[in-house]
Each structure stands twice: as C-alpha cells, then as structure tokens.
Amino acid sequence: MIPSPTTPRQQAPAWQHALREAFTRPDELLRFLELDPDLPALGPARLRAFPLRVPRGFARRMRKGDAQDPLFRQVWPATAEGVSASGFTVDAVGDLRKLRSGGIIHKYHGRALLVATGACAIHCRYCFRRHFPYGEHLAAREHWQAALETIAADSSLHEIILSGGDPLSLSDDKLAELADALEAIPHVRRLRVHTRQPIVLPERIDERLLAWLGRGRLTKLMVLHVNHANEIDASVVTALQPLRALGIPLLNQSVLLRGVNDSVDALAQLSERLFECGILPYYLHLLDRVQGAAHFEVEESRARALMRGLAARLPGYLVPRLVREEPGATAKTSIAW
Ligand SMILES: *Cc1c(COP(=O)(O)O)cnc(C)c1O
Ligand code: SF4
C-alpha cells in the first residue's frame, strides 16, 4: 500500500509529537549536551512546580559541553532559583489585580491580553508567569464564552492579544474557533499572537495554523520571543517563510538576561539575525522581578549603557525599545538611555 502524503484530519499533528518528545529530565538533557552529570540543579521538590522542558530541536542549537551556552542558561534550573531575593515576588507585574472575567488582562487602552493557556513548549527559567495560577483563569475553558462576553461588552477593545503561557500550545481547532468568534465582534480589528513556539518548536507552523491565520477580516500580527541569535537556525527561518508570505507582521520581544544576551555584541547579532528572517526588534524588557529569577537580572544602568552601544552600531530600526513593566502604568515604561 502507498501511504497517503497528506495527514488525515483525525491524526495528531507532527508538532504535538515533537512536543511530547521534549526533554523533561535534567539528567537526559545533560547527557545529550555532554555536560557534567553532576552539574548543580534545583532539587526535585522545587522543580516540580515549574519543571524542566526543552524541545529537542531547541537543544540541538546549544553548544555541546558548554554550561555557559546562552540557550542552555535560559532553560537550566540553576540552584540560584532557590535563593530568595528581596523585591522579587510571585506577581511582579501586578497582573492578578487586573484580571477580568474569562482570563482577560486589560491594563492598556484599546487592547487586552487574553490568557489562553498556561502551557508552553519550553520552560524559560526567568519567566514572569511561572507563578501564575493558570488553573483558575484560563480563557479557553468553556469555549471562550466568558472571555468573549467581556470583550464584546467593551467597545474600546480594538486589539486582542493571545498570550499565556503560549497560545499556540492550543489546538488549531480551538484557536480557529476563537478567531471566528472574535471576528463576529465588530469593534475588534486586530488579533495579535504572543508566542515563542515558532522559535522553539518550528514544526508548529503547519497548514492547519496557516489556514486560520490566513483567513478572515481581522488583521493578524505576531510578536515572537527570541533572546539570542543562536535560537534562530535554518529550521526556524524555513518555518517563518509562510507567515511572511501571508503578510503577517513579525515583531520580537526579548528579555535582557545576565549571561545570555547582556553584551553589545550579543544584542547586535540578535537584531541582525532577526532582520535576516523578516522579524523587527520591538521591545527589550528589563527582567520582571519574579521570585527565582534574580540571577538573571541586569542592572538598569548597565542596560542603558548597552543600549547606547547598540544604537551606536545599528540602524535605528534594529534598535529595540528598552522597557520595563510597572504595575499600574498605562503602557510599558520606556527607559531613556
Ligand atoms: C505587554 C502587554 C500588552 C501589550 O503592550 P503593547 O505595548 O501594545 O505591546 C497588553 N496588555 C498587557 C496586559 C500587557 O502586559
Ligand atoms: S515561552 Fe514565554 S510564557 Fe512560556 S515559559 Fe517561556 S517566557 Fe514564559
């Protein structure tokens, strides 16, 4: 029998298989990377709350035998996570106080963020949502009904931002259902997707995703999350091409992370690499002061010096805006450098 070249509808898409194959055990990741099996790590009890998770394709972009690799550092549960640092809290950006019915966070004028899911393909150790009580606040529950009602009731909302977690962790059936329902709300004009999956799991960009992104009245845009040039390999470049072909603007936000991208060279290479594959730098975030992430923090004075160095080297359109998220502010706070 000749196998059919097309995936039958009922079969799970390839990206879900890749997701299941991700590294979740520290010892397996260390063996794969030919690193010291006794490299210190957060204990199993602490790790359980936010386990290790690294897709294999992402791990292949790390340098073997190098515990200082900038991609490895983003995912390795270092013992430093267990150290409590003053000023680092579980709700560093004040999101819980702003949460509305159906998993909607409405902090800024005209746009609201929809917490679609708590799941991610990768676990970034600096993540500000690592302590978020997703179980209680997911918008995807009950077919988005509560979220849609909240959005429909507020005609000032012109843009809906799918966030999480990573919204692309959800099935395309579920996402298409949401996109269709948002289209039916006349005041909604744009649908923005905040996602790291096209980078860490490029298999995610498949025909089913492109089908719902490519149709309908809403203007779609995507904000990706890349912190280091090495995250973008040929598989990512190829995966992004159909998004560009659909005319979906691609922007990037990064977090300034100690030991990952805190040099003018690393930031300049990142901007150049992003541009090569059709992504414009958008924000460079100062770390949100979330418990367990203090070892990633770069001081603001150093951040400003890095920005001056970057601006002295790159065209203006490749220089991201340095921002900090402040509870209660009406937008991301720009940091002048
Ligand atoms: C960051 C953020 C946004 C998006 O801000 P932009 O400046 O439009 O990119 C929207 N809502 C919330 C709650 C946010 O945290
Ligand atoms: S992909 Fe985004 S939301 Fe998920 S752990 Fe990483 S930074 Fe956090």
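Residues numbered from 1 in each chain as written. Chains lettered and ligands numbered in written order. Predicted model: local features only at pLDDT ≥ 70, side-chain atom pairs only at ≥ 80, totals over all residues. Heavy atoms only, no water.

A.B. asks: Please provide a residue-by-residue account of the domain arrangement of the protein, values included.
C.D. replies: What the domain assignment reports for the protein is domain 1 (14-82) and domain 2 (96-334). Taking only C-alpha atoms, the centre of domain 1 and the centre of domain 2 are 23 Å apart. At the junction of the two partners, domain 1 supplies 25 residues and domain 2 supplies 36 residues. Both faces combined, the contact of domain 1 with domain 2 buries some 2,500 Å², and carbon together with sulfur accounts for 59% of it. Among the salt bridges present, the one from aspartate 233 reaches arginine 61, with a minimum N-O distance of 3.2 Å. Contributing elements (two or more residues each) for the side of domain 1 that touches domain 2: helix H1 (14-20) and helix H5 (70-75). Among the elements that make up the side of domain 1 that touches domain 2, the one with the highest residue count is H5 (5 residues). A breakdown of the residues in the side of domain 1 that touches domain 2 according to their chemical character gives 18 nonpolar, 2 polar and 5 charged. (Domains from an automatic or database assignment. Contact = heavy atoms within 4.5 Å. Buried area = accessible area lost by both parts, 1.4 Å probe. Salt bridge = Lys/Arg side-chain N within 4 Å of Asp/Glu carboxyl O. Helix = DSSP H or I, 4+ residues; strand = E, 2+ residues; numbered from the N terminus. Nonpolar A, V, L, I, M, F, W, Y, C, P; charged D, E, K, R; others polar.)

A.B. asks: Describe the UniProt feature "binding site: [4Fe-4S] cluster" (unreviewed entry) in the protein, with residues and values.
C.D. replies: Under the UniProt annotation, the feature "binding site: [4Fe-4S] cluster" (unreviewed entry) is placed at Cys120, Cys124 and Cys127. The topology assignment puts cysteine 120 in the loop between strand S3 (111-115) and helix H7 (134-137). Judged by relative accessible area, cysteine 120 falls into the partly exposed class, the value being 25%. For cysteine 120, the residues in contact, after removing those within four places along its chain, are Arg53, Gly165, Asp166 and Ser169. Looking at the secondary structure, you find cysteine 127 in the loop between S3 and H7. (UniProt positions renumbered as here; feature names shortened; annotations may be inferred. Buried < 20%, exposed > 50% of the residue type's maximum accessible area, 1.4 Å probe, protein only.)

A.B. asks: Go over the sheet that holds strand S6 (residues 219-225), please, and point to the residues and values.
C.D. replies: The 10 strands lie next to each other as S1-S2-S3-S4-S5-S6-S7-S8-S9-S10, forming an open sheet whose pairing is mixed. Every other strand in the sheet has two partners, leaving strand S1 (99-100) and strand S10 (333-334) as the edge strands with one partner each. Pairing of strand S2 (residues 104-108) with S3 involves 3 bridges; the strand directions are antiparallel. Following the sheet pairing, isoleucine 105 is matched in S3 by leucine 113. (Pairing = 2+ DSSP bridges.)

A.B. asks: Describe the site of ligand 1, listing the residues and the values that go with them.
C.D. replies: In the vicinity of ligand 1, the residues found are Ile105, Lys107, Tyr108, Arg111, Leu113, Ile161, Arg192, Tyr282, Tyr283, Glu325 and Lys332. Within the side chain of glutamate 325, one N or O atom sits 3.1 Å away from an oxygen atom of ligand 1. If ligand 1 stood free it would expose 390 Å²; the protein chains cover 94% of that surface. Contributions of two or more residues to the shell around ligand 1 are made by S2, S3 and strand S8 (280-285). Among the elements that line the shell around ligand 1, the one with the most residues is S2, at 3 residues. (Near = heavy atom within 4 Å. Polar contact = N/O pair within 3.5 Å; in protein donor to acceptor, adjacent residues only side chain to side chain. Areas by Shrake-Rupley, 256 points an atom, 1.4 Å probe, with all protein chains shown as cover.)

A.B. asks: Any chance you could break down unusual backbone geometry for me, citing the residues and the numbers?
C.D. replies: Where the residue is not glycine, phi is negative for most of them; where a peptide bond is considered, it is trans in most cases. For the bond from glycine 164 to glycine 165, the omega torsion is 10 degrees, close enough to zero to count as cis. Here glycine 165 is to be found in the loop between strand S4 (159-163) and helix H9 (172-183). Phi at glutamate 34 is positive, roughly 55 degrees, even though this residue is not glycine. Along the chain, glutamate 34 turns up in the loop between helix H2 (26-32) and helix H3 (44-49).

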